[in-house]
Amino acid sequence: MTRASALLAGVWDFVVGDDWRTAIGVALALALTALVAALGISAWWVMPLAVLGLLALSIRRASR
Amino acid sequence: MSGAELGLALSVFLACTVEAVEALTIVLAVGSTRSWSSAISGVGAAVLALAVIVAALGPAITSLPIDVLRVLVGGLLLIFGLQWLRKAILRASGLKAKHDESQIYEVQAAAARGAGAKHDGFDGYAFTIAFKGVLLEGLEVAFIVLTFGANQHRVALAAAAAGLAVLVVVAAGVAARAPLARVPENTLKFAVGVMLSSFGMFWGAEGAGARWPGGDGALLAIIPGVLIAAVALVKVIQRAPHPTMTETNDQATVNA
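Residues numbered from 1 in each chain as written. Chains lettered and ligands numbered in written order. Predicted model: local features only at pLDDT ≥ 70, side-chain atom pairs only at ≥ 80, totals over all residues.

**Student:** Residue-level account of the overall build of chain A, with values.
**Tutor:** Each helix and strand counted, chain A has three helices and zero strands in total. The order of α-helices and β-strands along chain A, N terminus first, is α-α-α. Taken against the 2.2 N^0.38 rule, which gives 11 Å for 64 residues, the C-alpha radius of gyration of chain A at 15 Å runs more than 25% over that of a compact globule. Counting only C-alpha atoms, chain A reaches 45 × 30 × 10 Å along its principal axes. Evaluated residue by residue, chain A yields a buried proportion of 30% over its 64 residues. (Helix = DSSP H or I, 4+ residues; strand = E, 2+ residues; numbered from the N terminus. Rg over C-alpha atoms; globule rule 2.2 N^0.38 Å. Buried ≥ 20, exposed ≤ 12 C-beta atoms within 10 Å, placed from the backbone.)

Here it is as structure tokens:
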């Protein structure tokens, strides 16, 4: 592994951690919030629902 | 001090306390078994490296447009917060071994004793282990200081809260002359996970264009809401049948 790829792997591990699905889910939830807000619809409810779902799914995966 | 600033200071203080307790255990183990002067040199070098990272990244982060900053900071804090919260929930529900500073100290001290002969002068092993321990534990705190502080333009307040936590932990460690095994780490991690997730959700949604009912006052509902959801998940897991813990205590020392 080169130093650059090792550095990238380290940054990925530091930011994303051991559950990349949750990180992707957070990014998608923020994108959905932006989309709903851009349509002129109240969008504050998207993140609480997404966070609850992501946390529950992450716990379920970890507890299997 | 506003409610958001109090939340900032409290979150950084608690997060830094947890990481400082873990770093202290490593430094105590290599300092007491190998060389205090080399271990303390390693701590100093790591603190210097962390200060350089904060000083270099701070201005770059604060120069971002506010909505970009909020999406970026909110998203990252949320990812971090959910990781902290997941581990805390698993520990609270008995699915993951709790952090045991006394055991970690014994493991680290045994590794230090078996790491070859000590030298009279500079001890490279003690320096390296102390440096790595403080740097790795401190990186997460530096990140929280930067993101929380930059978003509210209060990096100095965040840094002060972190510094205070380090002082309290070091003073307690010097007084106890032992790992701080009685600090309720899992409870603190639970609280930090709730705070990071709540603020991350709040700022991320605002940056993405959402407007919270009640403005900043929405945090008074978000934080208890996340706490209640997390506690409910613990109760659900405790009631469900599960076979064994997901990792051993030794693995927990590496993964926590």
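**Student:** An account of the overall build of chain B is requested, with residue identities and associated values reported.
**Tutor:** Per the secondary structure count, chain B includes nine helices and zero strands. Helices and strands appear in chain B in the N-to-C order α-α-α-α-α-α-α-α-α. Rg of the C-alpha trace for chain B: 19 Å, near the compact-globule value of 18 Å for 256 residues, within the 12% margin. When the backbone C-alpha atoms are referred to their principal axes, chain B occupies close to 65 × 50 × 25 Å.

**Student:** Help me get a handle on the nonpolar core, residues and values and all.
**Tutor:** Residues and elements named next belong to chain B. Core analysis: the biggest nonpolar cluster contains 97 residues, and Val12, Val27, Ala130, Val145 and Ala162 have the highest contact counts within it. Sort the elements by how many residues they give to this core and helix 1 (residues 3-33) lands first, with 17 residues. Other than its neighbours up to four places away in sequence, Val27 contacts Ala39, Val43, Ala130, Gly133 and Val134. (Core = buried A, V, L, I, M, F, W, Y, C linked by C-beta atoms within 7 Å. Contact = placed C-beta atoms within 7 Å.)

**Student:** Can you explain the interface of chain A and chain B? Please cite residues and give values.
**Tutor:** Taken together, the contact pairs 27 residues of chain A with 29 residues of chain B. Elements that contribute at least two residues to the side of chain A that touches chain B include exactly helix 1 (3-16), helix 2 (20-38) and helix 3 (46-63) of chain A. Ranked by residue count, the leading element in the side of chain A that touches chain B is helix 3 of chain A, at 11 residues.

**Student:** Report on the packing of helix 1 of chain B against helix 2 (residues 36-62) of chain B, specifying residues and quantitative values.
**Tutor:** Residue and element names in this part refer to chain B. Two elements in contact, helix 1 and helix 2, have axes separated by 7 Å at closest approach and are oriented at 150°. Put simply, helix 1 runs roughly antiparallel to helix 2. For the pair helix 1 and helix 2, contact is made by Val27, Val30 and Gly31 and by Trp36, Ala39 and Val43, respectively. Residue composition of the contact of helix 1 with helix 2, by class: five nonpolar, one polar and no charged. (Axes fitted to C-alpha atoms, helices over the stretch in contact; angles between N-to-C directions. Parallel < 35°, antiparallel > 145°, perpendicular 65-115°, else oblique. Nonpolar A, V, L, I, M, F, W, Y, C, P; charged D, E, K, R; others polar.)

**Student:** I'd love a proper account of helix 2 of chain A, names of residues and values included.
**Tutor:** Given a rise of 1.5 Å per residue, 19 residues ought to cover 27 Å, and the 27 Å separating the end C-alpha atoms of helix 2 of chain A matches this to within 8%. Three or more residues of helix 2 of chain A are buried, namely Thr22, Ala23, Gly25, Val26, Ala29, Leu30, Thr33 and Ala34 of chain A. Those residues of helix 2 of chain A that are buried are in contact with helix 1 and helix 3 of chain A together with helix 3 (66-92) and helix 7 (185-207) of chain B. Once helix 2 of chain A finishes, Gly40 of chain A follows within two positions and takes phi at roughly 85°, a positive value. (Expected span 1.5 Å × (residues − 1).)

**Student:** Any chance you could break down the environment of Ala240 of chain B for me, citing the residues and the numbers?
**Tutor:** All names here are of chain B. Positionally, Ala240 belongs in the loop between helix 8 (219-239) and helix 9 (249-255). The exposure class of Ala240 is exposed, given the 11 C-beta atoms found within 10 Å. Distance from Ala240 to Leu78, taken between C-alpha atoms, is 27 Å for residues 162 residues apart in sequence.

**Student:** Could you give an account of the confidence of the model for chain A, with specific residues and numbers?
**Tutor:** Confidence in the prediction of chain A, expressed as mean pLDDT, is 89, and 98% of residues score 70 or more. Model confidence for chain A, summarised as mean pLDDT per element, is weakest for helix 1 of chain A at 78 and strongest for helix 2 of chain A at 95. (pLDDT = per-residue confidence, 0-100.)

**Student:** Tell me about the packing of helix 5 (residues 124-151) of chain B against helix 6 (residues 155-176) of chain B, residues and numbers included.
**Tutor:** Any two packed helices are characterised by the angle at which their axes cross and by the distance between the axes. Residue and element names in this part refer to chain B. The N-to-C vectors of helix 5 and helix 6 enclose an angle of 145°; their axes lie 7 Å apart at closest approach. Between helix 5 and helix 6 lies a crossing of right-handed hand. Within the contact between the two elements, helix 5 uses Val141, Val145, Leu146, Phe148, Gly149 and Ala150 and helix 6 uses Val155, Leu157, Ala158, Ala159 and Ala162. Looking at the contact of helix 5 with helix 6 residue by residue, the class counts come to 10 nonpolar, one polar and no charged. (Left-handed = near helix turned anticlockwise from the far one by under 90°.)

**Student:** Help me get a handle on the confidence of the model for chain B, residues and values and all.
**Tutor:** Residues and elements named next belong to chain B. Of the residues in chain B, 92% reach a pLDDT of 70 or more, and the chain-wide mean stands at 83. Helix 9 is the least confidently modelled element of chain B, averaging 40 in pLDDT, while helix 8 averages 92, the highest of any element. Per-residue pLDDT stays below 50 along residues 246-256; that stretch engages in 20 contacts with residues further than four places along the chain or on separate chains.

**Student:** Could you give me a rundown of the environment of Gly133 of chain B, with the residues and numbers involved?
**Tutor:** Residue and element names in this part refer to chain B. Here Gly133 is to be found in helix 5. We classify Gly133 as buried; it has 23 C-beta atoms within 10 Å. C-alpha separation for the pair Gly133 and Glu22, spaced 111 residues apart in sequence, amounts to 8.3 Å.

**Student:** Outline the environment of Val134 of chain B, supporting the account with residue identities and numerical values.
**Tutor:** Residue and element names in this part refer to chain B. The topology assignment puts Val134 in helix 5. Residue class for Val134 comes out buried when judged on the 27 C-beta atoms lying within 10 Å of it. It is 9.2 Å that separates the C-alpha atoms of Val134 and Ala45, two residues lying 89 residues apart in sequence. Ignoring anything within four residues of it in the chain, the contact list for Val134 reads Ala23, Val27, Val43, Ala46 and Val47.

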